[in-house]
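Here's the letter readout for the chains.
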Amino acid sequence: MLRIAIQKSGRLSEDSLKLIRECGISFVSSSYKLKVEASNFPLEILYLRDDDIPGYVQDGVADLGIVGQNVLVEAGCANLEVEALGFSKCRLSLAVPRGAEYNSVADLQGKSIATSYPTILGDYLAGEGVRANLHTISGSVEIAPSIGLAEAICDIVSSGSTLLGNGLREVETIFRSEAVLIAAPNLSAEKQELLDQLRFRMQAVRRAQRSKYIVLNAPASALDAVKALLPGIKSPTVTPLAEEGWVSVQSVVEEDKFWHIAAELQAIGAEGILVLPIEKRVG
Ligand code: ATP
Ligand code: ZN
């Protein structure tokens with residue numbers, strides 16, 4: 001039995017549960033239970049505060065965890081990471097009051113900076129040769145300058161609207177983060193085998209999310225050009241249409257290239273371009 005710790009409620013929770021479910025693992029989750037067991041995979045899910053997850057996994061209380069890299073690195077547990085998961089992307093940035101003069105990080109020399117990430121920030125400043133006074137606070141970091149607690153802050157930013165609303169200006173990104181799968185050191189052979197199975201499934205889910213199935217009709221004369229645009233996993237499937245001189249082409253495209261490819265396909269005479277989601281993709 002593998003035990004995985006995920007965030008009980010917060011920005012990581014929904015996507016963590018979704019990923020486990022998309023791996024074909026079924027469980028009944030309820031808001032008051034702190035522990036559930038899956039019905040069709042030897043997995044137990046623990047619901048914890050995200051800050052506690054690295055420590056639980058480091059100590060082997062949980063075998064696995066899903067947590068933001070920001071929290072993982074801050075806890076000094078970066079070595080536990082086994083796989084980046086592509087969700088909960090955010091950045092850790094330095095910000096100063098909008099009117100404050102700022103040309104480079106050297107301007108923070110001797111200043112006071114409020115943050116919940118003293119380790120990551122301390123390492124960054126040391127690397128830049130800047131000495132500052134760090135005030136560690138656990139939340140509402142953005143209001144620190146306006147109440148006179150600090151002259152700058154270092155906090156998680158996603159859109160920047162919270163900074164703006166507090167009269168702050170983002171001046172440096174010091175760390176980029178996303179959710180990661182972590183594992184305890186020295187798992188037993190049996191647990192390692194289960195982890196490998198889980199990672200195989202997670203990779204299939206993530207690969208599928210990045211790919212789309214594409215079906216289109218094209219004049220047979222344009223087939224070479226279509227093939228060049230749609231290399232597919234091996235090569236596209238081509239079948240003749242009932243109408244003479246036309247073929248149907250099926251292939252797989254990367255989602256972020258789709259719009260560009262669709263426009264080029266249309267330009268070379270393709271018609272009826274359909275795009276379908278892919279649920280799982282192995283290999
Ligand atoms: P907990 O109560 O479990 O301690 P928390 O308040 O510390 O939760 P959340 O705000 O739920 O944490 O954020 C969890 C993680 O999600 C962060 O550590 C970070 O990795 C990521 N995250 C934070 N803000 C964003 C955002 N705006 N967009 C995407 N991901 C984010
Ligand atoms: Zn937290």
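The model shown is predicted, which means the values in this text are computed figures rather than measured ones. (Residues numbered from 1 in each chain as written. Chains lettered and ligands numbered in written order. Predicted model: local features only at pLDDT ≥ 70, side-chain atom pairs only at ≥ 80, totals over all residues. Heavy atoms only, no water.)

Novice: What's the story with helix H4 (residues 118-128) in this structure? I'm lost.
Specialist: Every α-helix carries 3.6 residues per turn, so stepping three or four residues along brings you back to the same face. Within H4, burial applies to Ile120, Leu121, Tyr124 and Leu125. All buried residues of H4 project into a common sector of 125 degrees when viewed along the axis, lining one side. Relative to its buried face, H4 has exposed residues pointing more than 90 degrees away, namely Asp123, Ala126 and Gly127. Looking at the buried residues of H4, the elements they touch are helix H3 (69-74), strand E6 (90-97), strand E7 (112-115), strand E8 (133-136), strand E9 (152-157) and strand E10 (168-177). Looking at the residues trailing H4, positive phi occurs at Gly129, about 70 degrees. (Buried < 20%, exposed > 50% of the residue type's maximum accessible area, 1.4 Å probe, protein only. Helix = DSSP H or I, 4+ residues; strand = E, 2+ residues; numbered from the N terminus. Arc of directions from axis to C-beta. Contact = heavy atoms within 4.5 Å.)

Novice: What exactly am I supposed to notice about the site of ligand 1 here?
Specialist: Around ligand 1, the surrounding shell holds 15 residues, and the nearest of these are Arg11, Arg49, Asp51, Asn70 and Ser158. Contacts to ligand 1 include Arg11, whose backbone N or O atom sits 2.8 Å from an oxygen atom. Asn70 has a polar side-chain atom sitting 2.7 Å from an oxygen atom of ligand 1. Coverage of ligand 1 by the protein chains reaches 75% of its 640 Å² of free accessible surface. Class assignment for the residues of the shell around ligand 1 results in four nonpolar, six polar and five charged. Taken together, domain 1 (2-88 + 178-208) and domain 2 (90-176) each give at least three residues to the shell around ligand 1, which thus spans both. (Near = heavy atom within 4 Å. Polar contact = N/O pair within 3.5 Å; in protein donor to acceptor, adjacent residues only side chain to side chain. Areas by Shrake-Rupley, 256 points an atom, 1.4 Å probe, with all protein chains shown as cover. Nonpolar A, V, L, I, M, F, W, Y, C, P; charged D, E, K, R; others polar. Domains from an automatic or database assignment.)

Novice: It is not clear to me how the domain arrangement of the protein chain should be interpreted in this structure. Could you clarify?
Specialist: One frequently used descriptor of interface size is the decrease in accessible area upon assembly of the parts. Once the domains are mapped, the protein chain shows domain 1 (2-88 + 178-208), domain 2 (90-176) and domain 3 (211-277). Taking only C-alpha atoms, the centre of domain 1 and the centre of domain 2 are 30 Å apart. Every contact between the two is made by five residues of domain 1 and, on the other side, nine residues of domain 2. It is Asn70, Val73 and Glu74 in domain 1 that bury the most area against domain 2; as a group they hold 74% of the surface buried on that side. There are zero salt bridges connecting domain 1 and domain 2. Run the count over domain 1 and domain 2 and you get three residue pairs in polar contact (both at pLDDT 80 or more). A breakdown of the residues in the side of domain 1 that touches domain 2 according to their chemical character gives one nonpolar, three polar and one charged. (Buried area = accessible area lost by both parts, 1.4 Å probe. Salt bridge = Lys/Arg side-chain N within 4 Å of Asp/Glu carboxyl O.)

Novice: I would appreciate a short explanation of the sheet that holds strand E14 (residues 246-254) in the present structure.
Specialist: Two modes of strand pairing occur in sheets, parallel and antiparallel, and in both the strands are linked by backbone hydrogen bonds. Read across the sheet, four strands follow the order E13-E14-E12-E15 without closing on themselves; strand pairing throughout is antiparallel. With partners counted over all chains shown, the strands left at the sheet margins are strand E13 (237-240) and strand E15 (271-277), one partner each. The mean angle between the axes of side-by-side strands here comes to 20 degrees, regardless of whether they run parallel or antiparallel. Sheet topology note: the E13/E14 ladder contains four bridges and is antiparallel. By the bridge assignment, Val238 is partnered in E14 with Val249. Sitting on the sheet, helix H6 (residues 189-210) touches strand E12 (211-219) and E14, and the angle it makes with E12 is about 40 degrees. Each of E12, E14 and E15 touches helix H8 (residues 258-267); the most contacted strand, E15, lies at about 160 degrees to it. (Pairing = 2+ DSSP bridges. Axes fitted to C-alpha atoms, helices over the stretch in contact; angles between N-to-C directions.)

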